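Close look at the chain arrangement
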Amino acid sequence: MSVAGQRLNAVSRRAKYLLLELERGTLILHLGMSGRLCLVSENTPPQRHDHVDFVFEDHSVLRLNDPRRFGSIHWQPMGSVNRLIANLGPEPLSSDFNADYLITTANKRKTAIKNLIMDSHVVAGVGNIYANEALFRSGIRPRRGCGRITRAEADALVSAIKETLADALKAGGTTLRDFQSVDGTRGYFRVSLQVYGREGLPCTKCKTPIKRVSSDSRQTVYCPKCQR
């Protein structure tokens, strides 16, 4: 499907996907681990990891830069719903994601609480870093069975997820290596991380060394004293 000549009507987001709404459908973009979109002039020469240009009639260019090539672009025709976003859970900052919803969902599953909140079919867009941080804020150990979470803990965890994401947004996200935003700036939430990347260092609350375990090829970090 050619998008040439179509007007860009709106830009929105669903989970980790950017939605560019055109006249006859929607472009769905996933930036992978380090991809980014840059707005440049038409005569700006492409760099090594620039892969796709969207050129507008005012000669501005929306350029996709993706060093690791983990990103992707998909076409969703008008009136259809792409399988990538068809069965996603509620947005974590929305009112649909609340303690009642979380405890009801948790009681139906047999998995660790961290795995539950990172499942995009349960809640859309809670990544590994923010899952670790939210669990620390709520005092819940990442590998606890989700069916053992109490109503009060569910309420604390929902609040912690919302607060963690809100704080990260204010700081521009978390730059660990080469991520930059559309204007080239880096995210500074990393300086506020309390457990992620701090294994072996003293807990910011109780001074107990932060512990790290391997889980599904991801870093799972927690305080063995503060989190139960």
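Structure first, text after, so check above.
The rules behind these values
Residues numbered from 1 in each chain as written. Predicted model: local features only at pLDDT ≥ 70, side-chain atom pairs only at ≥ 80, totals over all residues. Heavy atoms only, no water. Helix = DSSP H or I, 4+ residues; strand = E, 2+ residues; numbered from the N terminus. Buried < 20%, exposed > 50% of the residue type's maximum accessible area, 1.4 Å probe, protein only. Contact = heavy atoms within 4.5 Å. Areas by Shrake-Rupley, 256 points an atom, 1.4 Å probe, with all protein chains shown as cover. Lys, Arg positive; Asp, Glu negative; His and termini not counted. Charge placed at Lys NZ, Arg CZ, Asp CG, Glu CD. Axes fitted to C-alpha atoms, helices over the stretch in contact; angles between N-to-C directions. Parallel < 35°, antiparallel > 145°, perpendicular 65-115°, else oblique. Left-handed = near helix turned anticlockwise from the far one by under 90°. Salt bridge = Lys/Arg side-chain N within 4 Å of Asp/Glu carboxyl O. 1 Å grid on protein atoms, 1.4 Å probe; cavity = no way out; pocket = protein on both sides within 12 Å on 5 of 7 lines; lining within 4 Å. Points joined across faces, edges and corners; volume = space filled by probe spheres on them. Nonpolar A, V, L, I, M, F, W, Y, C, P; charged D, E, K, R; others polar. Arc of directions from axis to C-beta. Polar contact = N/O pair within 3.5 Å; in protein donor to acceptor, adjacent residues only side chain to side chain. Phe/Tyr/Trp six-rings, centres within 6.5 Å; stacked < 30°, edge-to-face > 60°. Lys NZ or Arg CZ within 6 Å of the ring centre and 35° of its normal. Pairing = 2+ DSSP bridges.

**As for the overall build of the protein chain**
The secondary structure content of the protein chain amounts to 5 helices and 9 strands. Ordering the α and β elements of the protein chain from the N terminus gives β-β-β-β-β-β-β-α-α-α-α-α-β-β. Looking at the protein chain as a whole, 42% of its 228 residues qualify as buried. The long-range share in the protein chain, meaning contacts at least 24 apart out of those at least 6 apart in sequence, stands at 52%. As displayed, the protein chain offers around 12,600 Å² of accessible surface, 50% of which is attributable to carbon and sulfur atoms. Averaging the positions of the 34 positive and the 21 negative side-chain charges in the protein chain gives two centres separated by 11 Å.

**Here we look at the packing of helix α4 (residues 128–138) against helix α5 (residues 151–170)**
Across the interface, α4 lies against α5 with an axial gap of 8 Å and an inter-helix angle of 130 degrees. Between α4 and α5, the angle falls in the class oblique. You can see that α4 and α5 cross each other, and the crossing is right-handed. Counted together, Y130, E133, A134, L135, R137 and S138 of α4 and A156, L157, A160, I161, E163, T164, L165, D167 and A168 of α5 form the full contact between these two elements.

**Some remarks on the pattern of salt bridges**
A full pass over the atoms with the stated rule returns 9 salt bridges. Note that R63 is salt-bridged to D50, the shortest N-O span being 3.9 Å. In this pair, R63 sits in strand β6 (residues 60–65) while D50 sits in strand β5 (residues 50–55), placing the two residues 13 residues apart along the sequence. D50 gets classed as buried once you look at its relative accessible area, which sits at 18%. Among the ionic contacts, a cluster of salt bridges with common partners joins R13, R14 and E91.

**Some thoughts on the layout of surface pockets**
Approximately 300 Å³ is the volume found for the second largest pocket. For the second largest pocket, the lining is made up of 13 residues, of which V3, Q6, L8, V55 and F56 are closest to its centre. Residue composition of the lining of the second largest pocket, grouped by class: 9 nonpolar, 2 polar and 2 charged.

**A look at helix α2 (residues 99–106)**
Those residues of α2 lying buried are A99, L102, I103, T105 and A106. One side of α2 carries all its buried residues, which in axial view fall inside an arc of 165 degrees. The N-cap residue of α2 is N98: its side-chain oxygen and the backbone nitrogen of D100 are 3.2 Å apart.

**Brief notes about the packing of aromatic side chains**
Each aromatic ring pair is specified by the distance between its two centres and by the angle formed by the two planes. By the definition in use, this model includes 1 aromatic pair. Note on F97 and Y101: the rings are 6.3 Å apart at their centroids and 70 degrees apart in plane angle, and the pair reads as edge-to-face. The class for F97 is buried, based on a relative accessible area of 1%. According to the relative accessible area criterion, Y101 is partly exposed, its value standing at 24%. Lying over the aromatic face of F136, K205 brings its terminal NZ or CZ to 4.7 Å of the ring centre.

**Observations concerning the sheet that holds strand β7 (residues 72–77)**
Strand order in the open sheet made by the 4 strands is β1-β2-β3-β7, with antiparallel pairing throughout. Each end of this open sheet is capped by a strand with a single partner; those strands are β1 (10–14) and β7. For this sheet, the mean inter-axis angle between neighbouring strands, taken without regard to orientation, is 25 degrees. Sheet topology places strand β2 (residues 17–21) next to strand β3 (residues 25–30); 5 bridges connect them, and they run antiparallel. Bridged to E21 within β3 is T26.

**Points about the pairing of β6**
Each regular strand carries side chains that alternate between the two faces of the sheet. Most of β6 sits out of view: 6 of its 6 residues are buried. Both faces of β6 are covered, namely the face carrying S60, L62 and L64 and the face carrying V61, R63 and N65. In this structure, strand β4 (residues 36–41) lies alongside β6, joined through 6 bridges in antiparallel fashion. Opposite V40, over in β6, you have V61 as the bridge partner. Inspection of the sheet shows β5 paired to β6 by 5 bridges, in the antiparallel sense. Within β6, the position partnered with D50 by the bridge is N65. In textbook terms, the turn of a hairpin is the stretch between consecutive antiparallel strands, and for β5 and β6 this stretch comprises 4 residues, one of which, H59, has a positive phi near 75 degrees.

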